[in-house]
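Breakdown of the fold
One-letter residues, chain by chain:
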Amino acid sequence: MSIKLAGLFNKHYICTIKLNIKLQMTEKMAKKKTITGELEPMKIGERKEFPASLCTTARSMASMLGFKWNRTYKTETDRERRVVVVTRIA
């Protein structure tokens with residue numbers, strides 16, 4: 001009898017651990033921001049900064065999404081700070 005209870009306990013314990021891991025992963029993924037998600041809510045005059053590693057992606061996304069949403073974005077690089085700045089201008 002105690003072996004069955006131990007097996008049942010282990011099964012529920014493992015399921016609880018799996019659920020906790022899945023919840024932690026979901027929370028981490030929800031915090032991840034995309035360039036599209038950053039550019040879409042921007043109001044005219046707002047600026048967003050992206051790391052230099054995303055330079056090409058940020059520039060092309062600003063151009064493509066600007067065309068898609070009928071907006072105008074300006075991009076510039078700040079070499080000292082190693083960032084790309086995207087500004088919505090219309």
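Described below are features of the structure shown in this document. Here the residue index of a chain counts from 1 through its sequence in written order. It should be noted that, the model being predicted, local features are given only for residues of pLDDT at least 70 and side-chain atom pairs only at 80 or more, the latter also being counted only at that level, while totals for whole chains, interfaces and linings use all residues. Side-chain numbers come from the whole structure's heavy atoms, not from hydrogens or water.

Description of the overall build of the protein
Along its length, the protein carries three helices and three strands. When the helices and strands of the protein are placed in sequence order, the string is α-α-β-α-β-β. Accessibility here uses a 1.4 Å probe with only protein chains present; expressed as a share of the type maximum, an area under 20% marks a residue as buried, one over 50% as exposed, and anything in between as partly exposed. For the protein, with 90 residues in total, the buried portion stands at 20%. Residue contacts follow a heavy-atom distance rule, with two residues in contact if any of their heavy atoms lie within 4.5 Å. Long-range pairs, those at least 24 residues apart, make up 55% of the contacts in the protein with a sequence separation of at least 6. For the protein, the exposed area adds up to about 7400 Å²; of that, 60% sits on carbon and sulfur atoms. Numbering goes from the N terminus for both helices and strands, where a helix is a DSSP run of H or I of at least four residues and a strand is a run of E of at least two. To measure how exposed things are, a 1.4 Å probe is used in the Shrake-Rupley method; for residues, cover is taken only from the protein chains shown.

Thoughts on the side chain of R88
Along the polypeptide, R88 turns up in strand β3 (residues 83-88). Nitrogen and oxygen atoms within 3.5 Å of one another constitute a polar contact, given that in protein one can donate a hydrogen and the other can accept it, and given that sequence-neighbouring residues count only through two side-chain atoms. Here M42 takes part through its backbone oxygen, which lies 2.7 Å from a polar atom of the side chain of R88. Apart from residues lying up to four places away in sequence, R88 is in contact with M42, K43, I44, G45, E46, R71, T72 and Y73.

All we've got here are geometric facts, nothing functional implied.
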